[in-house]
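# A structural walkthrough
As a plain string of letters, each chain reads:
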Amino acid sequence: LIILGIETSCDETAAAVVVRDGDGRGEIRADVVLSQLDEHSVYGGVVPEIAARAHVEALDTLVQEALAKAGVGLRDIDAVAATAGPGLIGGLIVGLMTGKAIARAAAKPLYAINHLEGHALTARLTDNVAFPYLMLLVSGGHTQLVLVRGVGDYQRWGTTIDDALGEAFDKTAKLLGLPYPGGPAVERAAKSGNEKRFSFPRPLVGEARLDFSFSGLKTAVRQAAEATAPVSEQDIADICASFQRAIARTMDDRIGRGLARFNAEFPGLEEAPALVVAGGVAANQALRGALQMLCDRHGFRFIAPPHHLCTDNAAMIAWAGLERLAHGFPADDLSVSPRARWPLDGQAVAVLGSGK
Ligand code: ATP
Ligand code: MG
Ligand code: FE
């Protein structure tokens, strides 16, 4: 099976061609991403109108490029997969409409994909991961711990009650005068910092629920910056290191509870279960180190796909389409609408309700 994937939910315009063989193994034939980072960075965040316009300008060329790289034409593909939500509605409209137009013109089935499902299934494209497993999505817009029981079968165990983790990195960076996006800048600054200088809050630690909260951290960072004003380079490094330590400790507690719950719900699995990560923050070494140790303690495999497949891309959308196709899910009606909000565990409802 071979599919064309399209992703336009945020600030990356992307197209990909992916293959799935009879044993369920995937292979990426083409994966092109155009980041709009430069267009948004002057504003310190993603501007929806600029994003939508940039998707319109870039998408057709990117689709052509992906097909050319893969060496296939539209008649060779089995289906088209396009992100239908959640995300910025302008971008979603551009990507889904393009997907529909291609599907219609080439007489191929269309799969309207939930962006979060793309992140959730990526580990099965890059690694040999069997259901059920746990997925931690940590990006600029999402922080979720999700039980992945099968294709289209997800249960959200935890989510952020305020800021996303990537957002906390971005806001911290902004407060400290570091460049956007904040994650890489904070991680770089933290390298020469003293992680014990500031004791930042560890929200929800010790609580039984599996949710996250990061907005208190940004307040604490602001207070630390004010207390040390004028902030020196060393102060910034110390704040960043202490910030990352608070996050590593918080995640250790939150995710540790999730792994324990998983082991209690699924005793005696044949293979060691997996914790897979997705989202841009998964690049963070301090977080990865904490998660790796945690997995070792709880008998989990820790699976982190390569960075370019953790951040937004179309290969994961193509792959989710292939998994749906291979598992016998019906294609979507061409009247399916994009959805700015679309929770992952509402998937079944969304599929049944598409086009209505
Ligand atoms: P979403 O996919 O949720 O719609 P998004 O496009 O913002 O949102 P990604 O592209 O997956 O998400 O990731 C971007 C986020 O990852 C940003 O918040 C960025 O600061 C963060 N990030 C990137 N690299 C690192 C790093 N090394 N450490 C921490 N955070 C990082
Ligand atoms: Mg992004
Ligand atoms: Fe994403």
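Basis of the calculations
Residues numbered from 1 in each chain as written. Chains lettered and ligands numbered in written order. Predicted model: local features only at pLDDT ≥ 70, side-chain atom pairs only at ≥ 80, totals over all residues. UniProt positions renumbered as here; feature names shortened; annotations may be inferred. Helix = DSSP H or I, 4+ residues; strand = E, 2+ residues; numbered from the N terminus. Rg over C-alpha atoms; globule rule 2.2 N^0.38 Å. Buried ≥ 20, exposed ≤ 12 C-beta atoms within 10 Å, placed from the backbone. Contact = placed C-beta atoms within 7 Å. Pairing = 2+ DSSP bridges. Right-handed = clockwise from strand over helix to strand, strands pointing away. Axes fitted to C-alpha atoms, helices over the stretch in contact; angles between N-to-C directions. Near = placed C-beta within 6 Å. Nonpolar A, V, L, I, M, F, W, Y, C, P; charged D, E, K, R; others polar.

In the annotation of an unreviewed UniProt entry, the entry for the chain reads tRNA N6-adenosine threonylcarbamoyltransferase, and the organism field reads Allorhizobium taibaishanense. A UniProt comment under Sequence similarities (unreviewed entry) is attached to the chain, and it reads "Belongs to the KAE1 / TsaD family."

## Overview of the overall build of the chain
Secondary structure summary: the chain contains twelve helices and ten strands in total. Computed over the C-alpha atoms, the radius of gyration of the chain is 20 Å, within 12% of the 21 Å expected from 2.2 N^0.38 for a compact globule of 356 residues. Expressed as lengths along the three principal axes of its C-alpha atoms, the size of the chain is roughly 65 × 50 × 35 Å. Counting all 356 residues of the chain, 53% fall into the buried class. Taking all contacts inside the chain whose residues are at least 6 apart in sequence as the whole, residues at least 24 apart take part in 73%.

## Digging into the environment of Lys108
Note that Lys108 resides in the loop between α3 (89-106) and β5 (110-114). C-alpha of Lys108 to C-alpha of Phe329: the two residues are 221 residues apart in sequence and 15 Å apart in space. Setting aside residues no more than four positions away along its own chain, Lys108 makes contact with Ile77, Asp78, Ala79, Val80 and Ala103.

## Observations regarding the pairing of strand β4 (residues 79-85)
Most of β4 is tucked away, with seven of its seven residues classed as buried. One ladder, built from four bridges, connects strand β1 (residues 2-7) with β4; its direction is parallel. Residue pairing across strands places Ile6 opposite Ala82, the latter belonging to β4. Where β4 meets β5, five bridges bridge the pair, whose relative direction is parallel. Of the residues in β5, the one forming a bridge with Thr83 is Ile113. In the classification by handedness, the crossover that spans β4, the intervening α3 and the parallel β5 is right-handed.

## Quick notes on the sheet that holds β4
The five strands are arranged β3-β2-β1-β4-β5 in an open sheet whose pairing can be described as mixed. Sheet topology places β3 (26-35) and β5 at the edges, where each strand pairs with a single neighbour. Taking each pair of neighbouring strands and ignoring which way they run, the sheet shows an average axis angle of 20 degrees. Sheet analysis places β1 next to strand β2 (residues 12-20), joined by six bridges and oriented antiparallel. The residue of β2 that forms the bridge with Ile2 is Val19. Set on the sheet, helix α2 (residues 48-70) makes contact with β1, β2 and β3; between it and β2 the angle comes to about 25 degrees. Its contacts with the sheet place helix α4 (residues 115-126) against β3, β4 and β5, and it is angled at close to 95 degrees to β5.

## Regarding the site of ligand 1
Gly140, Gly141, Gly166, Gly183 and Gly280 are the nearest of the 22 residues found near ligand 1. With four residues, helix α6 (residues 182-190) is the largest single contributor of residues to the shell around ligand 1. Tallied by class, the residues present in the shell around ligand 1 amount to six nonpolar, 13 polar and three charged.

## Focus on the sheet that holds strand β8 (residues 153-159)
Taken in spatial order, the five strands make up an open sheet running β8-β7-β6-β9-β10, and their pairing is mixed. Strand pairing shows two members of the sheet lacking a second neighbour, β8 and β10 (301-303), which therefore form its edges. Mean inter-strand twist for the sheet, computed between neighbouring axes without regard to direction, equals 25 degrees. In terms of strand pairing, strand β9 (residues 274-278) meets β10 through three bridges, oriented parallel. Residue pairing for β10: Val276 is matched across the bridge by Ile303.

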